[in-house]
Amino acid sequence: MLFFSYFKELVGKEVTVELKNDLAIRGILHSVDQYLNIKLEHTRVVDQEKYPHMLSVRNCFIRGSVVRYVQLPPDGVDIDILHDATRREARGS
């Protein structure tokens, strides 16, 4: 639940999601659920020449099991929140 809580804090910010098939999609994080399924809005493909068929996609739902990485905005990383959440999870509360 640590990552789920953290990703909820990033709703409304731009993220890049790299999938296991090497497709990378950048967009505004609209929602995330407990399975780390991600909904992005205002999407664009990072490598448009390699994936021209994806140019018309503006909103997408990404199943959590196909995500390789999520690149966060530099200002979106709050170390204190991560430290606190990690401590709480380690204590089991």
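That block above? That's the structure.
Residues numbered from 1 in each chain as written. Predicted model: local features only at pLDDT ≥ 70, side-chain atom pairs only at ≥ 80, totals over all residues. Heavy atoms only, no water.

Draft legend 1. Molecular detail of unusual backbone geometry. Residue aspartate 22 is not a glycine yet carries a positive backbone phi of 75°. Relative to the helices and strands, aspartate 22 is located in the loop between β1 (14-19) and β2 (24-32). (Helix = DSSP H or I, 4+ residues; strand = E, 2+ residues; numbered from the N terminus.)

Draft legend 2. Spotlight on helix α2 (residues 79-91). Between its first and last C-alpha, α2 extends 19 Å over 13 residues, near the 18 Å set by a 1.5 Å rise per residue. One or two residues past the end of α2 sits glycine 92, with phi positive at roughly 85°. (Expected span 1.5 Å × (residues − 1).)

Draft legend 3. Representation of the environment of phenylalanine 61 within the structure. Mapped onto the secondary structure, phenylalanine 61 falls in strand β4 (residues 59-62). Classification of phenylalanine 61 by relative accessible area gives exposed; the value is 58%. Phenylalanine 61 sits 21 residues away from leucine 40 along the chain, and the two C-alpha atoms are 6.4 Å apart. (Buried < 20%, exposed > 50% of the residue type's maximum accessible area, 1.4 Å probe, protein only.)

Draft legend 4. The sheet that holds β1, seen in detail. Here we have 5 strands laid out as an open sheet, ordered β4-β3-β2-β1-β5, and antiparallel in their pairing. At either end of the open sheet lies a strand with only one pairing partner, and these are β4 and β5 (67-71). Going across the sheet, the axis of each strand differs from the next one's by a mean of 40°, ignoring polarity. Relative to β4, strand β3 (residues 38-45) runs antiparallel, the two being bridged by 4 bridges. (Pairing = 2+ DSSP bridges. Axes fitted to C-alpha atoms, helices over the stretch in contact; angles between N-to-C directions.)

Draft legend 5. Just the environment of isoleucine 38, in detail. Tracing the backbone through its elements, the reader meets isoleucine 38 in strand β3. Each C-alpha atom, one on isoleucine 38 and one on valine 17, is 9.0 Å from the other, the two residues being 21 residues apart in sequence. Discounting residues that sit within four places of it in the chain, isoleucine 38 has contacts with Val17, Leu29, Ser31, Val32, Cys60, Phe61, Ile62, Val67 and Val70. (Contact = heavy atoms within 4.5 Å.)

Draft legend 6. Local environment of the pattern of salt bridges. Scanning the entire structure with this criterion turns up 3 salt bridges. Residues glutamate 18 and arginine 68 are paired through a salt bridge, measuring 2.9 Å at the closest nitrogen-oxygen approach. Linking glutamate 18 in strand β1 with arginine 68 in strand β5, this pair joins segments that are 50 residues apart in sequence. Since its relative accessible area comes to 35%, arginine 68 is described here as partly exposed. Its salt-bridge partner being arginine 68, residue aspartate 22 comes within 2.7 Å of it at the nearest N-O pair. Taken together, the residues span a long stretch of sequence, with aspartate 22 in the loop between β1 and β2 and arginine 68 in strand β5 at a distance of 46 residues. The exposure class assigned to aspartate 22 is partly exposed, which follows from its relative accessible area of 45%. (Salt bridge = Lys/Arg side-chain N within 4 Å of Asp/Glu carboxyl O.)

Read these as layout, nothing more, since geometry by itself doesn't imply function.
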